[in-house]
Amino acid sequence: MSEHFDVIIIGTGAGGGTLLHQLAPSGKKILVLERGPFLAREKDNWSYQGSFKYYSSEVMYNKEGKEIRPGFSYQVGGNTKVYGAALFRLREGDFEKFRHHDGTSPEWPIKYRDWEPYYGRAEQLYQVHGKAGEDPTEPWRSSEYPFPPISHEPRIKEVFETLKTRGLKPYPAPMGVRLNEAAMHLSPCIRCDTCDGYPCLVGAKSDADVLAVRPVMNRANVTLLTNAKVLRLQTSASGREVRGVVVDFNGEEQVFSSDLVVVSCGAVNSAALLLRSANDQHPRGLGNNSSGLVGRNLMKHVLGSLIAVSTLKCNPSKFQKTMAINDFYWGEPGYEFPMGNIQLMGKTVIDGLRGHEEKYAPLTIEEVAKNSIDWWLTTEDLPDPQNQVRVEDAERIIIDYTENNSEPFDRLVERWKGILKELGGGDPIVPQVNDFAPKSGYFTTKMPMHSLGHQVGTCKFGEDPQTSVLDLNCRVHDVDNLYVVDGSFFVSSGAVNPTLTIIANAIRVGDHLLQLMAGGAAMQDEEVGSAENGLNRFPRLLTSSAANHEPSFAK
Ligand SMILES: Cc1cc2nc3c(=O)[nH]c(=O)nc-3n(C[C@H](O)[C@H](O)[C@H](O)COP(=O)(O)OP(=O)(O)OC[C@H]3O[C@@H](n4cnc5c(N)ncnc54)[C@H](O)[C@@H]3O)c2cc1C
Ligand code: SF4
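Residues numbered from 1 in each chain as written. Chains lettered and ligands numbered in written order. Predicted model: local features only at pLDDT ≥ 70, side-chain atom pairs only at ≥ 80, totals over all residues.

Draft legend 1. A look at the overall build of the protein. Looking only at helices and strands, one finds nine helices and 19 strands in the protein. Relative to the 2.2 N^0.38 estimate, which gives 24 Å for 555 residues, the radius of gyration of the protein is 23 Å and therefore close to what a compact globule would have. Here the C-alpha coordinates of the protein stretch approximately 85 × 50 × 50 Å along the principal axes. Put simply, the protein has 555 residues, and 51% of those count as buried. (Helix = DSSP H or I, 4+ residues; strand = E, 2+ residues; numbered from the N terminus. Rg over C-alpha atoms; globule rule 2.2 N^0.38 Å. Buried ≥ 20, exposed ≤ 12 C-beta atoms within 10 Å, placed from the backbone.)

Printed below as a string of structure tokens:
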């Protein structure tokens, strides 16, 4: 294909898929390059064992050189095909400098008030269900959730109410599943027990494939190539412009060109692509001359699960991911440091417990599967330039990451465990008649280093090319026509799941690119570029509107 395109988008996950949706109506010629296929609709979508095949077995390496398998989901829609679809806004304070146990979470260059309208648009596009006004840490909003909260199943409702009577403030988790509870016969979502971590067999999850890519993929101006893995980017002689996108397309190397190139491969793979694209003008990796930060500041949250079991009460819930708790998000009396978010996760199934019988003894795995209530806990990890994605020998991806902020995570786990124990697994509410002595257990699993589902931060954005990789429009400071719109731009990770922020940012960057392609009329920024690359129409910097505002959060 020797055609020249207006835009090439690499990757179709939360960032790339959303950006495509935003740009497609412009009529500009867009080429989308996705390394994976469309995810097949088949029974394995909803089978515990069968669903493993939707995660890549690709090998990366830890800093000791040992093999790790992060298990990314390479499909149209990226990791949103298998995600849990909890679509949270970051808190207002997450955009401000904040002291944590292990250091400082830095300030973002643009603040919540700048993000707010994009969050609203993101929630519309991804059809988020939720309820405002119940979570004390919730940021202000100018629009209601587009859909009502997902109802709790009876056992979860009991726990929700009990937590409230204990003075806690549980609230309905903001969810992207297309459930119509008022008319279930019309509902795309059937409310099943294989959602979090599985693809949706009936296409009802709010993923980037179904809601962003498919609605626009048949437009005449959009060309989507699947099984097209981008290997590297080539630049002009000056190094200021990407001239060629080198692709392994069904086993054959091809080069495509466009005016604008948008990388959205996920924070790890986007950094790896830029690093692999090193050349004489960019010896440390593409876009890495000014800051040296490409691949650095990798964040992925401190994460873990807590499976709470009491045989006093069974939990027959199918879709239990309907509750979140932020009472400890910013800490608690006597502990001044942020601790993080608690939310329900997909219900534990017995197939996932097989082989782990010892861990749960004296409870049997049948008892665990029948009675468990399953929680997911998240603590913010702090950006550290030493935590990085590196590429060795042009191929091997090294994830050099040392966890920080573990102490507040451990405290959050213990605190939550204590509260659940106090509730006795919920038995104060309507205990069941039971001839046997009840058994209970609280089982924590901390996610290992290679659990990179919440990967962000490897090309942080900012105003200063010395201290950030991307400018405020997510354009690479050092390359005039190159953008990155996945989770790489994050400055800090907050302690809620990252995807709604990635979607909101892709919409924000999409607005900018639409203006730019329409002639840049709305841009009044410094213009740079060279005669050689003919790119002097591309503005270098969009000044933060935040600069005009006072900080909107009192620390
Ligand atoms: C099991 C699981 C559960 C999760 N649950 C939640 C949740 O409940 N809420 C939440 O907010 N987040 C959740 N996440 C995280 C969420 O999936 C990610 O935040 C989100 O998908 C990241 O979007 P992205 O655009 O940065 O990258 P991705 O969605 O990963 O997209 C990257 C895309 O680039 C493609 N690609 C990569 N390399 C190349 C290449 N070289 N050439 C061409 N294409 C390439 C990939 O195939 C993919 O399509 C979960 C993740 C996992 C794994
Ligand atoms: S709960 Fe709904 S969205 Fe999730 S996999 Fe089941 S049908 Fe699909």
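Right, picking up where we left off after that structure.
Draft legend 2. Main features of the site of ligand 1. Around ligand 1, a shell composed of 37 residues is seen, among which Gly11, Gly13, Gly78, Gly84 and Asp486 lie nearest. Considering each element in turn, the shell around ligand 1 owes the most residues, three residues, to helix α1 (residues 14–23). Residues that form the shell around ligand 1 fall into these classes: 14 nonpolar, 19 polar and four charged. (Near = placed C-beta within 6 Å. Nonpolar A, V, L, I, M, F, W, Y, C, P; charged D, E, K, R; others polar.)

Draft legend 3. Structural detail: the packing of α1 against helix α9 (residues 499–517). Following both chains from N to C, one finds α1 and α9 inclined at 35°, their axes separated by 8 Å at the closest point. Where α1 crosses over α9, the handedness of that crossing is right-handed. Mapping the contact onto sequence places Ala14, Gly15, Thr18, Leu19, Gln22 and Leu23 in α1 and Thr499, Ile502, Ile503, Ala506, Ile507, Val509, Gly510, Leu513 and Leu514 in α9. Partitioned by chemical class, the residues of the contact of α1 with α9 number ten nonpolar, five polar and no charged. (Axes fitted to C-alpha atoms, helices over the stretch in contact; angles between N-to-C directions. Left-handed = near helix turned anticlockwise from the far one by under 90°. Contact = placed C-beta atoms within 7 Å.)

Draft legend 4. Inspection of the sheet that holds strand β12 (residues 302–310) at higher detail. Across the sheet, which stays open at both edges, the six strands sit in the order β7-β13-β14-β15-β12-β18 with antiparallel pairing between neighbours. Here the strands that pair on one side only, and so sit at the sheet edges, are β7 (171–172) and β18 (440–446). In this structure, β12 lies alongside β18, joined through seven bridges in antiparallel fashion. The partner of leucine 306 across the bridge, within β18, is threonine 444. (Pairing = 2+ DSSP bridges.)

Draft legend 5. The arrangement of the nonpolar core in detail. Formed by 141 residues in total, the largest nonpolar core has its most connected members in Ile8, Ile30, Val262 and Ile503. Sorting elements by how many residues they give to this core places α9 first, with nine residues. (Core = buried A, V, L, I, M, F, W, Y, C linked by C-beta atoms within 7 Å.)

Draft legend 6. Quick peek at the pairing of strand β14 (residues 341–344). Alternating positions in β14 separate into two faces, Asn341 and Gln343 on one and Ile342 and Leu344 on the other, with burial throughout. Alignment of strand β13 (residues 323–325) against β14, held across two bridges, turns out to be antiparallel. When the bridges of β14 are listed, isoleucine 325 appears paired with isoleucine 342. Strand direction decides the pairing type here: β14 and strand β15 (residues 373–379), joined by four bridges, are antiparallel. Bridge pairing in β15 links isoleucine 342 to leucine 377.

Draft legend 7. Region of interest: the sheet that holds strand β3 (residues 60–62). Reading across the sheet, the four strands line up as β4-β3-β17-β16 and stay open at both edges, with mixed pairing between neighbours. Edge strands, defined here as strands with exactly one partner in the open sheet, are β4 (67–68) and β16 (388–392). Of the strand pairs in this sheet, β16 and strand β17 (residues 396–400) are connected by five bridges, and their pairing is antiparallel. In the sheet register, arginine 390 faces β17, and the bridge partner there is isoleucine 398.

Draft legend 8. Geometry of the packing of helix α2 (residues 112–125) against α9. Look at α2 against α9: their axes get within 8 Å of each other, and the N-to-C directions meet at 105°. In this view, α2 runs roughly perpendicular relative to α9, as classed from their interaxial angle. Touching Trp115, Tyr118, Tyr119, Arg121, Ala122 and Leu125 of α2 are Leu500, Ile503, Ala504, Ile507 and Arg508, all from α9. Residues belonging to the contact of α2 with α9 are distributed by class as follows: nine nonpolar, no polar and two charged. (Parallel < 35°, antiparallel > 145°, perpendicular 65-115°, else oblique.)

Draft legend 9. Geometry of the environment of phenylalanine 409. Along the chain, phenylalanine 409 falls in helix α8 (residues 406–423). Separated by 96 residues in sequence, phenylalanine 409 and asparagine 505 have C-alpha atoms that sit 28 Å apart. Once residues lying within four places of it in the same chain are set aside, the contact partners of phenylalanine 409 are Val302, Gly304, Gly340, Leu377 and Thr379.

Draft legend 10. Representation of the environment of lysine 169 within the structure. When you line up the elements, lysine 169 lands in the loop between α3 (154–165) and β7. Classification of lysine 169 by C-beta neighbours within 10 Å gives partly exposed; the count is 15. The sequence separation of lysine 169 and lysine 157 amounts to twelve residues, and the corresponding C-alpha distance is 13 Å. Among residues more than four places away in sequence, those in contact with lysine 169 are Glu134, Asp135, Pro136 and Asp327.

Draft legend 11. Expanded view of α2. A rise of 1.5 Å per residue sets the reference length of α2, with its 14 residues, at 20 Å; its end C-alpha atoms lie 19 Å apart and thus fit the reference within 8%. Where α2 bends most, at tyrosine 118, the angle is about 25°. All of the buried residues along α2 are Tyr112, Trp115, Tyr118, Tyr119, Gly120, Ala122, Glu123 and Leu125. Looking at the buried positions of α2, the neighbouring elements they touch are α1, α4 (208–213) and α9. Phi turns positive, to about 50°, at glutamine 127, one or two residues after α2. (Expected span 1.5 Å × (residues − 1). Bend = angle between axes of the 7 residues up to and from the residue.)

Draft legend 12. Molecular detail of the confidence of the model for the protein. Taken residue by residue, the protein gives an average pLDDT of 91. The fraction at 70 or more is 91%. Below a pLDDT of 50 lies the segment residues 426–433, which in the model reaches 15 contacts outside its immediate sequence neighbourhood of four places, other chains included. (pLDDT = per-residue confidence, 0-100.)

Draft legend 13. Molecular detail of the pairing of β12. Across the nine residues of β12, seven count as buried, placing the element largely inside the fold. As defined by bridge partners, β12 adjoins β15 across seven bridges and the pair is classed as antiparallel. Residue pairing across strands places valine 302 opposite threonine 379, the latter belonging to β15.

Draft legend 14. Broad picture of unusual backbone geometry. Backbone torsion omega between alanine 361 and proline 362 reads 10°, so that peptide bond is classified as cis. Turning to its location among the elements, proline 362 is positioned in the loop between α6 (357–360) and α7 (365–371). Backbone geometry at aspartate 393 places phi at a positive 55°, although glycine is not the residue there. The class of aspartate 393 is exposed, set by 5 C-beta atoms lying within 10 Å. Its identity is not glycine, yet cysteine 474 carries a phi of approximately 65°, on the positive side.

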